[in-house]
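# A look at the structure
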Amino acid sequence: MSVVWEVDDRGDWWVSLLGEGYDSLEQDAFDGDEEFGQPLISWVADATQEMVMAMEGLVWPVCILHDLGLHANIEHLNAIWTCSASGGHVVGPVGKLA
Ligand SMILES: [Zn+2]
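Residues numbered from 1 in each chain as written. Predicted model: local features only at pLDDT ≥ 70, side-chain atom pairs only at ≥ 80, totals over all residues.

## With respect to the sheet that holds strand β4 (residues 71–75)
Spatial ordering of the open sheet is given by β4-β5-β6, a layout of three strands whose pairing is antiparallel. The open sheet has two edge strands, β4 and β6 (89–93), and neither has a second partner. Adjacent strand axes in the sheet meet at a mean angle of 45° when their direction is disregarded. (Pairing = 2+ DSSP bridges. Helix = DSSP H or I, 4+ residues; strand = E, 2+ residues; numbered from the N terminus. Axes fitted to C-alpha atoms, helices over the stretch in contact; angles between N-to-C directions.)

See below:
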């Protein structure tokens, strides 16, 4: 499964999965943010997750402990995947799940 993201000439961010699904966000949501990279990574993770669910009918990624879908979040300016079971726990950094 390949994920591609790009910025169009209006400054909107686009992410696509296998070139078929799209989601977008106004780039100015990130303007002036010194930690530009991590919120963007979290958004890309969210958009990718929604597309996988919509196109493939899959819940992805999944917590291996609880068999529940994960959520992309920002913690201490880092993009992370979290699980809401057992009061909530961090599963790992976005892009680095085992
Ligand atoms: Zn869990």
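## Looking at unusual backbone geometry
In this structure, Pro-61 follows Trp-60 across a cis peptide bond, with omega equal to -15°. Here Pro-61 is to be found in the loop between α1 (37–56) and β4. A positive phi angle, near 55°, is found at Asp-67, a position not held by glycine. Non-glycine residue Ser-86 carries a positive phi angle of around 55°. Examined against the element boundaries, Ser-86 turns out to sit in the loop between β5 (78–83) and β6.

## Regarding the pairing of β4
Working note: regular strand, side chains alternate between the two faces of the sheet. Pairing of β4 with β5 involves five bridges; the strand directions are antiparallel. For Asn-73, the partnering residue across the bridge sits in β5 and is Ile-80. Between β4 and β5, which follow one another and run antiparallel, lie two residues, and His-76 among them has a positive phi close to 50°.

## Re the confidence of the model for the chain
With 71% of its residues at a pLDDT of 70 or more, the chain shows a mean pLDDT of 75. Confidence, read as mean pLDDT per element, is least for strand β3 (residues 21–26) in the chain (49) and greatest for β6 (93). The low-confidence segment residues 25–34 (pLDDT under 50) makes 12 contacts with residues lying over four places distant or belonging to another chain. (pLDDT = per-residue confidence, 0-100. Contact = placed C-beta atoms within 7 Å.)

## Describing the pairing of β6
Relative to β6, β5 runs antiparallel, the two being bridged by four bridges. For Thr-82, the partnering residue across the bridge sits in β6 and is Val-90. A loop of five residues connects β5 with β6, the two strands running antiparallel in sequence, and Ser-86 in this loop sits at a positive phi of about 55°.

## Examining the nonpolar core
Counting residues in hydrophobic clusters, the biggest one holds 12 residues: Val-15, Trp-43, Val-44, Ala-45, Ala-47, Met-51, Leu-70, Ala-79, Ile-80, Trp-81, Cys-83 and Val-94. If you list the elements that add at least two residues to this core, you get α1 and β5. Among the elements that take part in this core, α1 stands out by supplying five residues, more than any other. (Core = buried A, V, L, I, M, F, W, Y, C linked by C-beta atoms within 7 Å. Buried ≥ 20, exposed ≤ 12 C-beta atoms within 10 Å, placed from the backbone.)

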